[in-house]
Amino acid sequence: MDALTIHEAAQTTGWSPRMLRYIERVGLLDAPRSGAGYRLYGAAELQRLRTLRELLQDFEIGLGEMGFAQRLRSDTELKASVDAWFQAQAQRPEDVPVSDWLRFEQDKHERLLAAAAALT
């Protein structure tokens, strides 16, 4: 099989070896492995890397966003939760008067921030 090592692929594509590993880790590319476990980059992988770079540039998005898009496509629970969030409308709790709703939400945020700070 004609293929490049990760360092050769990095030099050819302009992605660093670290970024090539990240691209694989987030599921955007699956480079086959040699018998010794080394990543191998053939013509198909180089084409995917080129078209990935073009997609990122054309739409002005980052690898993290593409990784999230991949996760959203493969994780049905995450997709359902994100869809539900987009469809949801804010609703005041029945036991909170309209005049207190803002303070109620502020207090909830302050408690969440305090709890997060306590974890660090």
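In case you missed it, the structure is sitting above this.
Residues numbered from 1 in each chain as written. Predicted model: local features only at pLDDT ≥ 70, side-chain atom pairs only at ≥ 80, totals over all residues. Heavy atoms only, no water.

A. Representation of the overall build of the chain in the model. A tally of regular secondary structure across the chain gives six helices and zero strands. Reading the chain from its N terminus to its C terminus gives the helix and strand order α-α-α-α-α-α. The C-alpha radius of gyration of the chain comes to 22 Å, more than 25% above the 14 Å expected for a compact globule of 120 residues. C-alpha atoms of the chain, sized along the principal axes, occupy 70 × 35 × 25 Å. Evaluated residue by residue, the chain yields a buried proportion of 21% over its 120 residues. Partitioning the intrachain contacts of the chain with sequence separation of at least 6 by distance along the chain shows that 41% fall at a separation of at least 24. For the chain, the accessible area works out to roughly 9,300 Å², and carbon and sulfur atoms hold 54% of it. Mean positive and mean negative side-chain charge positions of the chain (15 and 18 charges, respectively) differ by 4 Å. (Helix = DSSP H or I, 4+ residues; strand = E, 2+ residues; numbered from the N terminus. Rg over C-alpha atoms; globule rule 2.2 N^0.38 Å. Buried < 20%, exposed > 50% of the residue type's maximum accessible area, 1.4 Å probe, protein only. Contact = heavy atoms within 4.5 Å. Areas by Shrake-Rupley, 256 points an atom, 1.4 Å probe, with all protein chains shown as cover. Lys, Arg positive; Asp, Glu negative; His and termini not counted. Charge placed at Lys NZ, Arg CZ, Asp CG, Glu CD.)

B. View of helix H3 (residues 43-59). For H3, built from 17 residues, the straight-helix expectation of 24 Å at 1.5 Å per residue is met to within 8% by its first-to-last C-alpha distance of 24 Å. Taken together, the buried residues of H3 touch helix H1 (6-13), helix H2 (17-25) and helix H4 (63-74). Two residues or fewer after H3 comes Glu60, characterised by a positive phi angle close to 50°. (Expected span 1.5 Å × (residues − 1).)

C. Quick peek at the pattern of salt bridges. One pass over the structure, following the stated rule, counts six salt bridges. Across the pair Glu24 and Arg39 runs a salt bridge whose closest N-O atoms are separated by 2.6 Å. Remark: Arg39 occurs in the loop between H2 and H3 and Glu24 occurs in helix H2; sequence separation between them is 15 residues. Taking the shortest distance from any N to any O, the salt bridge between Lys79 and Asp83 comes out at 2.8 Å. Here Lys79 pairs with Asp83, and both are found in helix H5 (residues 76-87), just four residues apart, close to one helical turn. (Salt bridge = Lys/Arg side-chain N within 4 Å of Asp/Glu carboxyl O.)

D. Structural view of unusual backbone geometry. Positive phi, normally seen in glycine, also occurs at Glu60, with a value near 50°. Mapped onto the secondary structure, Glu60 falls in the loop between H3 and H4.

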